[in-house]
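So you can see what is in the structure, the chains are spelled out below.
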Amino acid sequence: MKMKILFIVVIMLNGYLTVFSQIKVQSDKKIGIGTLTPERSIDIQSTGDLDSEDTIRFRRSGTGTHDIEMVFSKAQEAVSGHGPYYGSVCFYSPKGYPFSSLLGSSNHRWGHLYLMLDPDILSDERTKENIKKLPEQGILNKVTQIRPVTYNFKDSLTGRLGLEGKKQQVGFIAQELEKIFPDIVSHEEDTYGIRYTSLIPYLVQAIKELDEKRQVLENRIAKLEMKKEIGEKNIELQTVEEIILYQNNPNPFSNSTEISVYIPSSVQSAFIYVYDLYGTQIKSYLINDRAKSSIIINGKELKAGIYYYALICDNHLIDTKKMILTE
């Protein structure tokens, strides 16, 4: 008799919790809090209406899917079609390396993120393949086409971002940038976005290209001044042929480094010699190509230390630079 009463009480309590507290335990072991139809192992949802629904879901699922999912969104906008579907999403799955995680998505965008330190973006060489150098020429011209702008977000968006969302912003227009560097622009869900950190390599390459132009001009000016000193007059700048030895890159280096040169077609022979601090010649490289070319020095063939390399053209010393090999 007592067992029957206890069974009836449990059934009534379960029904009470199901009806009034929205707690559901299904036969497939899924638990729902705030919902009678849990979709995850543990599904926690608010009981608010569609204008202010918040969702937090914790689930355990198969390899390659997310373990923690938190969504805070205004679902009414999604179902009514009034504007974009904005909100917050955090996915995290520690099942493999590198860890699979997601903060935000194309239709759940975060407004402000405050960090104590700069974020570390995965860039481990072991996680990459098909690594190629950016073009050495032409990047500068593209960078100069970028139009920096200031702007304010529309009122329909600033309401979600708070008062700070109404402040003046600075950046680029994604549709414009896509025409110059399409690989750093995305437009999922028809809303455009820019991966600003991916622009950094292009900016660095543009600086390197600009520095090469500077070295060419400095070399031309130096030759003009030399010719004027020995009495040659009225020399046009563009008629001066330049021989250029560039600084090795990277410097310092540990694995390998690249030395670039510019050799005019009028030069018969060109060599790069590498010397140690005692002036002993360690390596020699014949430069067969003319115009812009380069050689690669393997750091494993040398001991860690400071070296000098020189460009010799037609038995004349053109320039000398210093490079550092680390352990």
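In the block above lies the structure referred to throughout.
Notes on the structure follow. (Residues numbered from 1 in each chain as written. Predicted model: local features only at pLDDT ≥ 70, side-chain atom pairs only at ≥ 80, totals over all residues. Heavy atoms only, no water.)

Summing up its helical and strand segments, the protein has six helices and 18 strands in all. Within the protein, contacts between residues at least 6 apart in sequence are counted, and of these 41% link residues at least 24 apart. Accessible surface, the protein: about 22,600 Å² in total, of which carbon and sulfur atoms supply 56%. (Helix = DSSP H or I, 4+ residues; strand = E, 2+ residues; numbered from the N terminus. Contact = heavy atoms within 4.5 Å. Areas by Shrake-Rupley, 256 points an atom, 1.4 Å probe, with all protein chains shown as cover.)

With that out of the way, let us pick up the side chain of Asp 43. With respect to the element layout, Asp 43 can be found in strand β3 (residues 42-45). A polar side-chain atom of Asp 43 sits 2.9 Å from the main-chain amide nitrogen of Glu 39. (Polar contact = N/O pair within 3.5 Å; in protein donor to acceptor, adjacent residues only side chain to side chain.)

Across the sheet, which stays open at both edges, the three strands sit in the order β12-β13-β16 with antiparallel pairing between neighbours. Each end of this open sheet is capped by a strand with a single partner; those strands are β12 (244-245) and β16 (291-298). Pairing between β12 and strand β13 (residues 256-263): two bridges, direction antiparallel. By the bridge assignment for β13, Leu 245 is matched with Val 261. (Pairing = 2+ DSSP bridges.)

A few words now on the environment of Asn 255. Along the chain, Asn 255 falls in the loop between β12 and β13. Sequence separation between Asn 255 and Thr 326 is 71 residues, and the spatial gap between their C-alpha atoms is 8.6 Å. Contact partners of Asn 255, with chain neighbours within four places excluded, come to Ile 297, Asn 298, Gly 299 and Lys 300.

This part is about the pattern of salt bridges. Under the counting rule described, the total for this entry stands at six salt bridges. Put simply, Lys 133 and Glu 258 hold a salt bridge, and the shortest N to O gap is 2.9 Å. With a gap of 125 residues between them, Lys 133 in the loop between β7 (100-103) and α3 (139-143) and Glu 258 in strand β13 connect regions that are remote in the sequence. A salt bridge links Lys 321 to Asp 319, with the nearest nitrogen and oxygen atoms 3.6 Å apart. Among the residues examined, Asp 319 registers a relative accessible area of 29% and is labelled partly exposed. (Salt bridge = Lys/Arg side-chain N within 4 Å of Asp/Glu carboxyl O. Buried < 20%, exposed > 50% of the residue type's maximum accessible area, 1.4 Å probe, protein only.)

Glancing now at the side chain of Glu 209. Mapped onto the elements of the fold, Glu 209 is located in helix α6 (residues 200-229). At 3.1 Å, the side chain of Glu 209 and the backbone nitrogen of Leu 140 are in polar contact. Not counting residues within four places of it along the chain, the set of residues in contact with Glu 209 comprises Glu 136, Gln 137, Gly 138, Ile 139 and Leu 140.

What follows covers the nonpolar core. Formed by 21 residues in total, the largest nonpolar core has its most connected members in Ile 263, Ile 272, Ile 297 and Leu 311. At the level of elements, β13, β14 (270-275), β16, β17 (305-313) and β18 (316-325) are the ones that each hand at least two residues to this core. The leading source of residues in this core is β17, at four residues. Leaving out residues up to four positions away in the same chain, Leu 311 has contacts with Ile 243, Ile 244, Leu 245, Val 261, Ile 263, Phe 271, Ile 272, His 316, Leu 317, Ile 318 and Asp 319. Among the nonpolar cores identified, the runner-up in size contains 14 residues, and Leu 177, Ile 180, Tyr 202 and Ala 206 belong to it. (Core = buried A, V, L, I, M, F, W, Y, C linked by side-chain atoms within 4.5 Å.)

Strand order in the open sheet made by the four strands is β15-β14-β17-β18, with antiparallel pairing throughout. Only two strands of the sheet have a single partner each, and these edge strands are β15 (281-286) and β18. Taking each pair of neighbouring strands and ignoring which way they run, the sheet shows an average axis angle of 20°. Where β14 lies against β17, six bridges are found, and the strand directions are antiparallel. (Axes fitted to C-alpha atoms, helices over the stretch in contact; angles between N-to-C directions.)

Take unusual backbone geometry next. In this structure, the amide linkage connecting Asn 249 to the following residue, Pro 250, adopts the cis form with an omega of 0°. For Pro 250, the position within the fold is in the loop between β12 and β13. The residue after Asn 251, namely Pro 252, is reached through a cis peptide bond having omega 0°. If you trace the backbone, Pro 252 turns up in the loop between β12 and β13. The backbone of Lys 29 shows a phi angle near 75°, a positive value even though the residue is not glycine.

Attention now moves to a nonpolar patch on the surface. Where nonpolar side chains cluster on the molecular surface, the patch consists of Ile 23, Val 25, Ile 31, Ile 33 and Ile 42 and spans about 360 Å² of accessible area. Of all elements in the fold, only β1 (23-25) and β2 (31-33) reach the threshold of two or more residues within the nonpolar patch. By relative accessible area, which is 32% here, Ile 31 ends up partly exposed. (Patch = residues over 30% accessible without salt bridge, like charges linked within 9 Å, V, L, I, M, F, W, Y side chains within 5 Å.)

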